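Survey of secondary and tertiary structure
Here's the letter readout for the chains.
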Amino acid sequence: MIRNYLLLAVRNLRKHRAFALLNILGLGLSIACCILVFMLVRHHLSFDRFHAKADRTVEITTEDRGNENRKMSVVPYPMSEALRQEYSFLEKTAMVTSRGNSLITIEQPGQAPAKFKEDDARAFAEPELFEIFDFPLVQGDVAGLREPNTALLTEKMANKYYGTTNAIGKTFKVNNKKEFRVVGVLKDIPANTDLQYQIYCSWQTMATDSNSMRMLHNWGGIQGGTQCFAVFREGHTAAELEAAFLAFKDKYFHPEVRDWFYHAIPLAAVHLDADYGTGVSTRYIWTLGLIGLFLLLTACVNFVNMATAQALNRAREVGVRKVMGSTRGQLFWQFMSETGVIVLISTLIGVVVAYLTLPYLNTLTGTELTLDFGRDVRLYGFLAALMLMVAFLAGAYPGLALSGFRPTQSLKGSVDLKQVGGISLRRLLVGTQFAISQVLIIGAVVVTNQIDYARHADLGFRREGIVNLPLPGGDQKKYSALKQQLSTLAGVENVSLCMQPPASNSNWNTQVKLESRPEREPWIINYKFGDEQYAETFGLQFLAGRNLQPSDTVREYIVNEEVIHKLGLASPDAILGQRLSVDGDAHTVVGVIKNFHNLSFHDAIAPLVMSSAMDNYDVCAVRINLQNTKPTLDAVEKTWTSIFPEFYYEYDFMDARIAEFYEQEGMILQLIRMFAGIAIFIGCLGLYGLAAFMVTRRRKEIGIRKTLGASLPGILWLFGKEYTRLIIIAFVVAAPLGWWAMTNWLKDYKYQIPLGATIFLTSLTATFLVAIITVGTQSLRAALANPVKALRSE
């Protein structure tokens, strides 16, 4: 029986090639998208779940309940040691703190030193970290990490530095200062973990450094990238630690951070927790899943539409089979087998398309996903479930409709559209396609406009032509020499030494107090360091007072107007001459600058204070003339290299830094554009096939109308009015859905675009254009056809 079903299915698909091709192409594309979405969603849901103790592991986080409630994935340096001493129900605790922009130097006898620039690849870690997480060693022993100046490397880094994984005992130098000895080689870190460091230096090394030593016992501040992890003993939960944290905070109280509270977040939840910014948000995962479902529904709607339309051509076949003794159940399964064959072929095509497009998705999302058909059992399970769902969604209704024809009506040819769902069902299905497409178009337009607004809006400072050069730690006299020599170059308009440019992900936030007031302010202030050329280089505007005087140390402050607002002062002039205590250091305020965006558009403009301090400068900002960029950049590189020959030269433009703020939004935009385009294309396939069928069915009607004098516009409107009505109805449904979805998405931005009528009209216009192209071509061909050919059989 099954063999007969399949034989008949193949025979009917050959007979209706165009119908089969359109359905296979539409389903194949949607299945490919579903596979890609499944791979991406599964990847993010799997983060840090592979560790044996993952269900008992938490990350300790900080909540600042000051004036603006903030949640941070970082903690003070002494957190791990204090937790070990206080709570016996904790099996292990461990600290890790990142170190960015590391210059790694490998010295080999008789050869020039090899230099490698590593960004965000190095960290200091306690050895207990490798007893909490399953990062196995292929060589060496974690115990060696208890000694200062030791390190663990991954296999990737060992091969990169030494050409072999046999790196035990070998040495490397960091930033031309401290030398480390390799005591172990880790197996390469899996992609599905947020701890992506490739070089782990011993925590004890920081105890030998005078600057870091102070932080090891300081509860009054947090350095970015400093995390603490803990694993509970069997039978204990995070709730116990949460309850204990109130007393813990009182014991390790620091007056500067009295509004800080600590929390224990399950490890498996951290990656998808938007509050801590360690990965993607749960909303992103839901969005991807819904888009995949929408695409699948669009393709299934196509199938149902065309299958029910083709049903009229197969009415006599059904009548003959019923007269010959076929039951309704047998006919249903025959039609389902045809659907199954189409779904099987579509799945094979979808797998091929997914395989070919996966490298593009990896590039777009920064992942390393692979389709492993040899070992990925879950992928097979997903494909099987997907095929069953598609076969049911696409084939069940057409199978029931076709198998339900009465033999007498079928043989007489009196079956009409009402018996296969009629106009109402077709309107519902086509309207659903239009609505899905319009929601995706609205999403793409809103995300595009918001990102363009964020990237090109007036940020309150100059970003064009600003080149940022990193400053290696070391001799600060060289900083002044670099600034002086760069200032003399042709094409260089201004040079400033600073901690960071105006808008940066790296910020120093601290406490502030006006000396004339008894208490410190309940809000924190963004502390920036820059020399006297900082304001001119970045085009900052003064509202009152003057600029900073040249100085290598903190002697005076300038603030932004948000500080005036927070302090409740009447005007910018009111703060001039007053002493402000910032991070415990009091100096006079000499100037007030106009607000600028010191963070991304996700965050409100923060109160800001600036001062000069040579020992806090990390960047040399160079403003160049964009009319002569290449020679100027070459001269800048030559000058920098002559002063710091032992370091690795690199630079970036300010515009590129601004773009990094919206990297995830850019990725979402590309995905939405891609999926919206595919949804529209799948919809076009269905509309094209349906329009072709409807034109064929009404060919004689068109011939009669033309004979009776109907005009070309009248014939076109005969088909166009139905789709115009459906597009408008779909828009009425899609517009509120799109508005709701994008209003929620825009909540992440403090500064956002308005959801004006233009956005929704763009969606409506695009849908009309799609319908005109797909339906209009078929309608025009029918309207221009010779009516004699249509009527000669009468």
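Bear in mind that the values here come from a model prediction, so they are computed numbers and not experimental data. (Residues numbered from 1 in each chain as written. Predicted model: local features only at pLDDT ≥ 70, side-chain atom pairs only at ≥ 80, totals over all residues. Heavy atoms only, no water.)

1. As for the overall build of the protein
Helix and strand counts for the protein stand at 24 helices and 24 strands. Looking at the protein residue by residue over its 794 residues, the buried ones come to 51%. Total accessible area computed for the protein in this model is approximately 36000 Å², and 56% of it derives from carbon and sulfur atoms. (Helix = DSSP H or I, 4+ residues; strand = E, 2+ residues; numbered from the N terminus. Buried < 20%, exposed > 50% of the residue type's maximum accessible area, 1.4 Å probe, protein only. Areas by Shrake-Rupley, 256 points an atom, 1.4 Å probe, with all protein chains shown as cover.)

2. Here we look at the side chain of N218
With respect to the helices and strands, the residue N218 is situated in the loop between α6 (210-215) and β12 (226-232). With residues near it in sequence (within four places) discarded, N218 still touches P76, Y77, P78 and H254. (Contact = heavy atoms within 4.5 Å.)

3. A look at the packing of aromatic side chains
A complete count under the given rule lists 32 aromatic pairs for this structure. The interplanar angle of 20° and the centroid separation of 5.7 Å between the aromatic rings of F172 and F180 together place this pair among those described as stacked. Assessed through its relative accessible area of 1%, F172 is described here as buried. Given a relative accessible area of 2%, F180 falls into the buried group. Every member of this aromatic cluster is reached through a ring pair, and the members are Y87, F89, W219, F232, F245, F248, Y252 and Y262. A cation over a ring is seen here: K249 above F261, with NZ or CZ 4.9 Å from the ring centre. (Phe/Tyr/Trp six-rings, centres within 6.5 Å; stacked < 30°, edge-to-face > 60°. Lys NZ or Arg CZ within 6 Å of the ring centre and 35° of its normal.)

4. Section: the pattern of salt bridges
In total, this model carries 24 salt bridges according to the counting rule given. The salt bridge partner of K117 is E650, with a shortest N-O separation of 2.9 Å. Of this pair, K117 sits in strand β5 (residues 114-118) while E650 sits in the loop between α18 (629-643) and β24 (652-653), placing them 533 residues apart in sequence. K117 sits in the buried class, given a relative accessible area of 18%. Of the residues examined, E650 reaches a relative accessible area of 22% and is grouped as partly exposed. Taking the shortest distance from any N to any O, the salt bridge between E131 and R146 comes out at 3.8 Å. (Salt bridge = Lys/Arg side-chain N within 4 Å of Asp/Glu carboxyl O.)

5. Here we look at the pairing of β12
Counting buried residues in β12 gives seven out of seven residues, a clear majority hidden from the surface. Relative to β12, strand β1 (residues 57-64) runs antiparallel, the two sharing four bridges. Among the inter-strand pairings, I60 is bridged to a residue of β12, identified as C228. Across seven bridges, the pairing between strand β3 (residues 90-99) and β12 is antiparallel. Note on β12: the bridge partner recorded for A94 is F229. (Pairing = 2+ DSSP bridges.)

6. Things to note about the packing of helix α3 (residues 79-86) against helix α7 (residues 238-251)
At a minimum axis distance of 12 Å, the contact between α3 and α7 shows a crossing angle of 110°. Between α3 and α7, the angle falls in the class roughly perpendicular. Handedness of the α3/α7 crossing: right-handed. Contact residues: M79, A82, L83 and E86 in α3; L241, F245, F248 and K251 in α7. (Axes fitted to C-alpha atoms, helices over the stretch in contact; angles between N-to-C directions. Parallel < 35°, antiparallel > 145°, perpendicular 65-115°, else oblique. Left-handed = near helix turned anticlockwise from the far one by under 90°.)

7. Re the nonpolar core
Note on soluble globular proteins: their nonpolar side chains tend to be buried together. One finds F461, L540 and F675 to be the most contacted residues of the largest nonpolar core, which totals 104 residues. Per-element accounting of this core gives the leading share, 15 residues, to helix α2 (residues 17-45). Beyond its immediate stretch of four places on either side in the chain, F461 contacts P502, A503, F538, L540, F596, H597, M654 and I658. I60, L90, I104 and C228 belong to the second largest nonpolar core, which has 47 residues in total. (Core = buried A, V, L, I, M, F, W, Y, C linked by side-chain atoms within 4.5 Å.)

8. Quick notes on the sheet that holds strand β15 (residues 492-498)
Ordered by their spatial adjacency, four strands build an open sheet running β15-β23-β14-β24, and the pairing between neighbours is antiparallel. Bordering the open sheet on either side are β15 and β24, each of which pairs with just one other strand. Examined bridge by bridge, β15 and strand β23 (residues 619-624) share six bridges and lie antiparallel to one another. When the bridges of β23 are listed, S496 appears paired with A621. Its contacts with the sheet place helix α15 (residues 476-487) against β14 (466-470), β15 and β23, and it is angled at close to 165° to β15.

9. A short note on the pairing of β23
With six of its six residues buried, β23 lies for the most part within the structure. The alternating pattern of β23 places V619, A621 and R623 and C620, V622 and I624 on opposite faces, both of which are buried.

10. Quick word on the environment of N101
When you line up the elements, N101 lands in the loop between β3 and β4 (102-106). Judged by its relative accessible area of 48%, N101 falls in the partly exposed class. Sequence separation between N101 and Y648 is 547 residues, and the spatial gap between their C-alpha atoms is 10.0 Å. The contact partners of N101, leaving out residues within four places of it in the chain, are K117, E118, D119, D120, N175 and E650.

11. Quick word on helix α5 (residues 155-162)
Taken residue by residue, α5 has M157, A158, Y161 and Y162 as its buried positions. Considered in projection along α5, the buried side chains sweep an arc of 100° and stay on one side of the axis. Lining the buried residues of α5 we find β4, β5, β8 (150-154), β9 (171-174), β10 (178-186) and β11 (199-202). Where α5 terminates, the next one or two residues include G163, which has phi positive at roughly 75°. (Arc of directions from axis to C-beta.)

12. Things to note about the state of the cysteines
Taken as a whole, this structure holds zero disulfides when the rule is applied. The thiol of C498 is unpaired, and the distance to the nearest cysteine sulfur, on C620, comes to 7.8 Å. For C498, a relative accessible area of 0% corresponds to the buried category. (Disulfide = S-S within 2.5 Å.)

13. Quick word on a nonpolar patch on the surface
On the surface, W286, L290, L293, L297, M389, F392 and L393 cluster together into a nonpolar patch covering about 670 Å² of accessible area. The leading source of residues in the nonpolar patch is helix α9 (residues 282-310), at four residues. For M389, a relative accessible area of 35% corresponds to the partly exposed category. (Patch = residues over 30% accessible without salt bridge, like charges linked within 9 Å, V, L, I, M, F, W, Y side chains within 5 Å.)

14. Overview of the packing of α15 against α18
Across the interface, α15 lies against α18 with an axial gap of 10 Å and an inter-helix angle of 155°. When the axis of α15 is compared with that of α18, the two are roughly antiparallel. Crossing handedness for the pair α15 and α18: right-handed. For the pair α15 and α18, the contacting residues are K478, A481, L482, Q485 and L486 in the first and V636, T639, W640, S642 and I643 in the second. In terms of residue class, the contact of α15 with α18 is built from six nonpolar, three polar and one charged. (Nonpolar A, V, L, I, M, F, W, Y, C, P; charged D, E, K, R; others polar.)

15. Focus on α15
For α15, with twelve residues, the first-to-last C-alpha span of 17 Å sits near the 16 Å given by 1.5 Å per residue. When α15 is considered as a whole, its buried residues turn out to be Y479, L482, K483 and L486. Summarising the axial view, the buried residues of α15 lie within an arc of 95°, below the 170-degree limit, and thus occupy one face. More than 90 degrees from the buried face of α15, the exposed residues found are K477 and Q484. As for α15, its buried residues are in contact with β14, β15, β23 and α18. (Expected span 1.5 Å × (residues − 1).)

16. Digging into unusual backbone geometry
In the Ramachandran plot, D48 falls in the positive-phi region, its phi being about 55° despite a non-glycine side chain. Mapped onto the fold, D48 is located in the loop between α2 and β1. With phi around 55°, D120 is a residue other than glycine that occupies positive phi space. The topology assignment puts D120 in the loop between β5 and β6 (122-125). Relative accessible area serves as the criterion here: at 59%, D120 is assigned to the exposed category.

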